[in-house]
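Each chain, written out:
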Amino acid sequence: QVQLVESGGGLVQAGGSLRLSCTANGVIFGLLNMGWYRQAPGQQRELVATITGGGSTNFVDSVKGRFTISRDNAENTVYLQMNSLKPEDTAVYYCNAEIVGSGRNYWGKGTLVTVSS
């Protein structure tokens, strides 16, 4: 059973930075495509960033140039570095893992990021 444990959320002022972490247990980490999604109050969950096992990344337009995603395969962890945060980045951020070629997806419980203006 794949378990994803997120950490790093919190309250930050606009223009500040936060780093989210997500550690995966119960699976060979290199077989996972990893991603971060977010859901703001009253809105649908949206993709923020993804990273493949080979390190290829993809970002939603609204965070390009401000967020970076990286992974440490030795630590089974994916990171989301968020800089120049804006109030509109306020959301619960969820870690997602996809086992490549299987169609199976797993989700973390989410971590709240609040950006004050």
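To keep things clear, this report deals only with the structure shown in the data block. (Residues numbered from 1 in each chain as written. Predicted model: local features only at pLDDT ≥ 70, side-chain atom pairs only at ≥ 80, totals over all residues. Heavy atoms only, no water.)

1. So, the overall build of the chain
Counting its regular elements, the chain contains zero helices and 11 strands. The C-alpha radius of gyration computed for the chain amounts to 13 Å, which stays within 12% of the reference 13 Å derived for 117 residues, consistent with globular compactness. Its C-alpha atoms put the chain at 40 × 25 × 25 Å along the principal axes. Expressed as a percentage of the 117 residues in the chain, the buried residues total 38%. Carbon and sulfur atoms provide 46% of the accessible area of the chain, an area that totals close to 6,100 Å². Each charge class in the chain can be summarised by its mean position, and for the 9 positive and 8 negative side chains these summaries are 2 Å apart. (Helix = DSSP H or I, 4+ residues; strand = E, 2+ residues; numbered from the N terminus. Rg over C-alpha atoms; globule rule 2.2 N^0.38 Å. Buried < 20%, exposed > 50% of the residue type's maximum accessible area, 1.4 Å probe, protein only. Areas by Shrake-Rupley, 256 points an atom, 1.4 Å probe, with all protein chains shown as cover. Lys, Arg positive; Asp, Glu negative; His and termini not counted. Charge placed at Lys NZ, Arg CZ, Asp CG, Glu CD.)

2. Quick word on the side chain of serine 21
Within the secondary structure, serine 21 is located in strand β3 (residues 18-25). When sequence neighbours within four positions are dropped, the list of residues in contact with serine 21 reads Val5, Glu6, Ser7, Trp36, Thr77, Val78 and Tyr79. (Contact = heavy atoms within 4.5 Å.)

3. A word on the environment of glutamine 3
Counting through the fold element by element, glutamine 3 comes out in strand β1 (residues 3-7). Leave out the neighbours within four places in its chain, and glutamine 3 touches Thr23, Ala24 and Asn25.

4. Quick look at the nonpolar core
Counting 31 residues, the largest nonpolar core has Leu4, Met34, Trp36, Val78, Leu80, Met82 and Tyr93 as its most contacted members. Listing elements by their share of this core, those giving two or more residues are β3, β4 (32-39), β5 (46-51), β7 (67-72), β8 (77-82), β9 (91-99) and β11 (111-116). Examining the composition of this core, we find that five residues originate from one element, β9, more than from any other. Aside from chain neighbours lying at most four places away, what touches tyrosine 93 is Glu6, Leu20, Trp36, Tyr37, Arg38, Val48, Phe67, Leu80, Met82, Gly110, Thr111 and Val113. (Core = buried A, V, L, I, M, F, W, Y, C linked by side-chain atoms within 4.5 Å.)

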